[in-house]
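What follows is each chain in one-letter form.
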Amino acid sequence: QLVESGGGSVQSGGSLRLSCTASGDSFKSYSMGWFRQAAGKEREFVAGISWIADTTSYGSSVQGRFTISRDNAKNTVYLQMNSLKPEDSAVYYCARGIGPATTRGNGQYNYWGQGTQVTVSS
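Reading guide: rules and limits
- Residues numbered from 1 in each chain as written.
- Predicted model: local features only at pLDDT ≥ 70, side-chain atom pairs only at ≥ 80, totals over all residues.
- Heavy atoms only, no water.
- Core = buried A, V, L, I, M, F, W, Y, C linked by side-chain atoms within 4.5 Å.
- Buried < 20%, exposed > 50% of the residue type's maximum accessible area, 1.4 Å probe, protein only.
- Helix = DSSP H or I, 4+ residues; strand = E, 2+ residues; numbered from the N terminus.
- Contact = heavy atoms within 4.5 Å.
- Pairing = 2+ DSSP bridges.
- Salt bridge = Lys/Arg side-chain N within 4 Å of Asp/Glu carboxyl O.

*Asks:* What is the right way to read the nonpolar core from this model?
*Replies:* In summary, soluble globular proteins display a tendency toward joint burial of nonpolar side chains. Counting 25 residues, the largest nonpolar core has Trp-34, Leu-79, Met-81 and Tyr-92 as the members making the most contacts within it. Those elements that provide at least two residues to this core are strand S3 (16-22), strand S4 (32-37), strand S5 (44-49), strand S7 (66-71), strand S8 (76-81), strand S9 (90-97) and strand S11 (116-121). Tallying contributions element by element places S3 first for this core, with 4 residues. Apart from residues lying up to four places away in sequence, Tyr-92 is in contact with Glu-4, Leu-18, Trp-34, Phe-35, Arg-36, Val-46, Phe-66, Leu-79, Met-81, Gly-115, Thr-116 and Val-118.

What follows is the structure, encoded as structure tokens:
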């Protein structure tokens, strides 16, 4: 089970940090990712991180503004979001990869959280 937290409302230029905590003992063996879905749009890859955090990957729209990290001792993955823009508004989902390596595709993740809403006002 994956449980996200940290969403909310913020003004443009502000910051938020999302957290996603996993239950069970297998968290540390798999890559993790963050996706988002805005109303009326398809789910979009935001960021991914490998099982030991040696590689990360970002969507082009968030590169340089968002940072993904993980703490395997706490079974938690984070998404630090800075310089937020109104177009970042969406429901953000964390997901567990099917293997240890960083990956970007929806189909490469097999467990998903329930999502947390992020709203950025101008």
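*Asks:* Explanation requested: the pairing of S11 in the structure shown.
*Replies:* It is a general feature of regular strands that their side chains alternate between the two faces of the sheet. Only one face of S11 is buried: it carries Thr-116, Val-118 and Val-120, and the other face, with Gln-117, Thr-119 and Ser-121, is open. Relative to S11, strand S2 (residues 8-11) is paired through 4 bridges, and the arrangement is parallel. If you follow Gln-11 over to S11, its bridge partner there is Ser-121. Where S9 meets S11, 3 bridges bridge the pair, whose relative direction is antiparallel.

*Asks:* Mind showing me how you'd approach the pattern of salt bridges here?
*Replies:* Scanning the model with the defined rule gives 3 salt bridges in all. Put simply, Arg-36 and Asp-88 hold a salt bridge, and the shortest N to O gap is 2.9 Å. Of the two residues, Arg-36 is situated in strand S4 and Asp-88 in the loop between S8 and S9; the sequence distance between them amounts to 52 residues. In this structure Asp-88 comes out as buried when scored by relative accessible area, which is 0%. It is possible to trace a salt-bridge network through shared partners that takes in Arg-36, Glu-44, Arg-65 and Asp-88.

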